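What follows is the residue order along each chain.
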Amino acid sequence: MDDQAAGSPQDAQRVPVCYRHPDRETGVRCTRCERPICPECMVDAAVGFQCPECVRTGSGTGHAPTASAPRTLAGGAVAADPRLITKILVGTCLAVFLVQLSLGDRFTDHFQLIGRAYIPLLGSVEGIAEGQWYRLLTAMFLHGSSIHIIFNMLSLWWIGGPLEEALGRARYLALYLVSGLAGSALTYVITAPNQGSLGASGAVFGLFGATAVLMRRLNYDMRPIIALLVINLIFTFSPGFNIAWQAHVGGLVAGVVIGYAMVHAPRERRALVQYGTCALVLAVVVLMTLLRTAQLT
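These lines cover the structure that appears in this document, whether it is placed above or below.

Attention now moves to the overall build of the chain. Within the chain, the regular secondary structure consists of twelve helices and four strands. Residue burial in the chain is summarised as follows: out of 297 residues, 44% are buried. Considering only contacts in the chain between residues 6 or more positions apart, those separated by 24 or more positions represent 62%.

Now the structure itself:
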């Protein structure tokens, strides 16, 4: 009965959808089990494409299951929990915010992004120009209010989860950290040295940029992500919101550059191009920081 239903004329006219992503139509099937698979689930085989499950189990090959590990669209390993890094990032930001609430401004003043200024609570001149480069990183995990962290964490969860699944854990984490550092570096270069800045927005905007590149690569409808970016940029540049637009712009540009390398790198030297691009953006961050430090000192 099931075989007859599957072969009915009505079913034949229906466009197949990916068995792992029911919202995505596809015309490609796994060469082993013949289940429909979308571009994100396709694993290159000697002939055609295979689904992650068939590759993982070594179905029909006679090889060990680890002989041909399934890969994400960007070449990363397919993980059992595709959102693990996103969960860790959200959990870390929430934990740090609780520490901020418990210890007060003194803790925040130790780790927020600031160029060079006298901090009354610390009783000394502090800042990146004083050699405290760690502030470029630690500022990414601090937040100024409950609304601030809620908005950033919702964006991180909504955008980050699918992106992590498409890139793989290592590539996704590299994208997040380097985009955040790029946002911090641009903030350090442009803003007044005594103006503090904090928040995960630079890294989150990097994820926005990479997601736009990925959606373009998969020929998805770009209107939702473009609308979301436009709305966020309107808030970014609107007066009265006290938003560090430099972090948003820096993170977005870095995210687009790294995201393009992640999804368009040639397969034969994919890792070299992907991580090489991350290293290049990181080198620009270091150069910007050195030049600004020389200017302030």
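Moving on: the nonpolar core. With 56 residues, the main nonpolar core has L156, L163, L167, Y172, Y176 and L207 as its most contacted residues. Every element with two or more residues in this core is listed here: α4 (84–103), α7 (146–167), α8 (169–190), α9 (201–217), α10 (223–237), α11 (245–264) and α12 (270–296). It is α9 that contributes the most residues to this core, ten residues altogether. If sequence neighbours within four positions are ignored, L156 has contacts with T86, L89, V90, G161, Y172, Y176, V204 and L207. Within the second largest apolar cluster, eight residues are counted, among which are C18, I37, M42 and C54.

Let's shift gears to the packing of α9 against α11. Where α9 contacts α11, the axes come no closer than 6 Å and their chain directions differ by 35°. Our pair here, α9 against α11, has a crossing hand that is right-handed. Note on element contacts: α11 touches α9 through A247, H248, G251, L252, G255, V256, G259, Y260, V263 and H264, opposite S201, G202, F205, G206, G209, A210, V213, L214 and R217.

This part covers the packing of α8 against α9. Where α8 meets α9, the axes come as close as 7 Å, and the angle between the chain directions of the two elements is 125°. Here α8 lies oblique to α9, going by the angle between them. Pair α8 / α9 crosses with right-handed handedness. For the pair α8 and α9, contact is made by Y172, L175, Y176, S179 and G180 and by G202, A203, G206, L207 and A210, respectively. Among the residues forming the contact of α8 with α9, the class breakdown is six nonpolar, four polar and no charged.

What counts and what doesn't
- Residues numbered from 1 in each chain as written.
- Predicted model: local features only at pLDDT ≥ 70, side-chain atom pairs only at ≥ 80, totals over all residues.
- Heavy atoms only, no water.
- Helix = DSSP H or I, 4+ residues; strand = E, 2+ residues; numbered from the N terminus.
- Buried < 20%, exposed > 50% of the residue type's maximum accessible area, 1.4 Å probe, protein only.
- Contact = heavy atoms within 4.5 Å.
- Core = buried A, V, L, I, M, F, W, Y, C linked by side-chain atoms within 4.5 Å.
- Axes fitted to C-alpha atoms, helices over the stretch in contact; angles between N-to-C directions.
- Left-handed = near helix turned anticlockwise from the far one by under 90°.
- Parallel < 35°, antiparallel > 145°, perpendicular 65-115°, else oblique.
- Nonpolar A, V, L, I, M, F, W, Y, C, P; charged D, E, K, R; others polar.

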